[in-house]
Amino acid sequence: LDQPLILGIETSCDETGVGLVRGCELLGDEVASSVDQHARFGGVVPEVASRAHLEAMTPTVRRALDSAGVKLADVDAIAVTAGPGLAGALLVGVSAAKAYAMALGKPLYGVNHLVGHVAVDQLEHGPLPKPAIALLVSGGHTSLLLMRDLATDVQSLGDTVDDAAGEAYDKVARLLNLPYPGGPPIDRAAREGDARAIRFPRGKWGDGTYDFSFSGLKTAVARWVEDTVRDGREVPVNDIAAGFQESVVDVLTRKAVDACLEHGVEHLVISGGVAANSRLRALAEQRCAEAGINLRVPRPRLCTDNGAMIAALGAEVVAAGLPPSSLNLATDTSL
Ligand code: KG4
Ligand code: ZN
């Protein structure tokens, strides 16, 4: 029996994503990003993102259908990001999803963006063993989740208390005069630097929680840059990038592995834009191997915001037999 064809729509931040999925099979995945429009502001401007979603929605759905070689009428269910995310941006996707559901007479499922980041791994590595722990690291989130079931049982273990990990990369890149988004240039600079040259503080290290904090680290970097400039010395960009990055990935991987050990969980998924980071991947691999944990990291294209992740989660929700959302579905910024 053929599994249902799920159309997934994602508009929580600055990417208009549309995906088509059957079970764990990825059929179509198209993303239109407004990232270039936000670059000169050094961060996402909500009103700009909302307008870009509105303009990109219909053409992106069309491209996804074309690339998958299916027709709109073939779609069995529509999944959409209900939250968390930017309120105005979410509304565009939810409104579009309702319109498609109504026009096609097919069920609508509002799903959680964070869980979508985990579900997408199934499109690359097959069904996710249960239970699993996920570390989600992007410009908007830094969360540790315990998943007993993707569709029905997800528990938040911890979160950032201030900046998200990617946000810290973006802000530190700005301090170092590197372009936005800051993750890739810092990743590159760090490879040329010495991670032991400068030791930056590790936020919430050993505090017995699974929460994170990166704003103190960002301030420490800012101080370092200021002092160096004041003393008339050249700013050692590569060493600062390497030291900053080491602080971030040290805490992320330590807490993720600790959570797995405490909960007796053997599978860790790392996803979100920051999962593309080369040092995070290397250190996670090393520490998971030492702890006997099976590590799954989706390819970078699937780690960043996209519609396929929402379709992948939609497929799980449909398979679990959960009831569809009503056409009054509201955006919801909680987990
Ligand atoms: O998942 P994503 O595309 O969008 C959301 O924020 O939801 O993540 C974007 C974030 C940005 O902050 C960017 O700087 C960061 O991911 N990023 C990286 C790398 N590539 C992207 N951070 C560290 N290292 C990278 N290689
Ligand atoms: Zn995201």
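Residues numbered from 1 in each chain as written. Chains lettered and ligands numbered in written order. Predicted model: local features only at pLDDT ≥ 70, side-chain atom pairs only at ≥ 80, totals over all residues.

Engineer: Hey, could you go over the sheet that holds strand β2 (residues 15–22) for me, with residue numbers and the actual values?
Structural biologist: Strands sit in the order β3-β2-β1-β4-β5 across an open sheet of five strands; the sheet is mixed. With partners counted over all chains shown, the strands left at the sheet margins are β3 (25–33) and β5 (108–112), one partner each. Taking the axes of each pair of neighbouring strands and ignoring which way they run, one obtains an average angle of 20° across the sheet. With six bridges connecting them, strand β1 (residues 5–10) and β2 associate as antiparallel partners. By the bridge assignment, Glu10 is partnered in β2 with Gly17. Of the strands in this sheet, β2 and β3 are in contact with helix α2 (residues 46–68), which crosses β3 at around 150°. (Pairing = 2+ DSSP bridges. Helix = DSSP H or I, 4+ residues; strand = E, 2+ residues; numbered from the N terminus. Axes fitted to C-alpha atoms, helices over the stretch in contact; angles between N-to-C directions. Contact = placed C-beta atoms within 7 Å.)

Engineer: Please set out the confidence of the model for the chain residue by residue, giving values where relevant.
Structural biologist: Low pLDDT means the predicted coordinates in that region are not meant to be read closely. Mean pLDDT for the chain: 96, with 99% of residues reaching 70 or above. The ipTM, which scores confidence in the relative placement of chains, is 0.98 for this predicted complex, and the corresponding pTM is 0.94. (pLDDT = per-residue confidence, 0-100.)

Engineer: How would you sum up the site of ligand 1? Please name residues and give values.
Structural biologist: Around ligand 1, a shell composed of 19 residues is seen, among which Gly139, Gly166, Gly183, Gly273 and Thr304 lie nearest. Those elements that place two or more of their residues in the shell around ligand 1 are α6 (165–175) and α7 (183–192). Within the shell around ligand 1, the residues separate by chemical class into six nonpolar, 10 polar and three charged. (Near = placed C-beta within 6 Å. Nonpolar A, V, L, I, M, F, W, Y, C, P; charged D, E, K, R; others polar.)

Engineer: Just give me the short version of the UniProt feature "binding site: Fe cation" (unreviewed entry) in the chain, but keep the residues and values in it.
Structural biologist: In the numbering adopted here, UniProt assigns the feature "binding site: Fe cation" (unreviewed entry) to His113, His117 and Asp305. Across 193 residues of sequence, these annotated residues stay compact in space, with a maximum C-alpha separation of 8.8 Å. For His117, the location among the structural elements is in helix α4 (residues 113–119). A count of 33 C-beta atoms within 10 Å places His117 in the buried class. Ignoring anything within four residues of it in the chain, the contact list for His117 reads Leu136, Ser271, Gly272 and Met309. Discounting residues that sit within four places of it in the chain, Asp305 has contacts with Glu10, Ser12, Cys13, Glu15 and Gly17. (UniProt positions renumbered as here; feature names shortened; annotations may be inferred. Buried ≥ 20, exposed ≤ 12 C-beta atoms within 10 Å, placed from the backbone.)

Engineer: Tell me what's going on with helix α8 (residues 215–230), and back it up with residues and numbers.
Structural biologist: When the terminal C-alpha atoms of α8 are compared, their 22 Å separation across 16 residues agrees well with the 22 Å that a helix rising 1.5 Å per residue should span. Those residues of α8 not exposed but buried are Leu217, Lys218 and Val221. For α8, the angular spread of the buried residues around the axis is 105°, confining them to a single face. Within α8, the exposed residues directed more than 90 degrees away from the buried face are Thr219, Arg223, Glu226, Asp227 and Arg230. Tucked inside the fold, the buried residues of α8 contact α6 and α9 (237–263). After α8 finishes, the residue Gly232 shows a positive phi value of roughly 70°. (Expected span 1.5 Å × (residues − 1). Arc of directions from axis to C-beta.)

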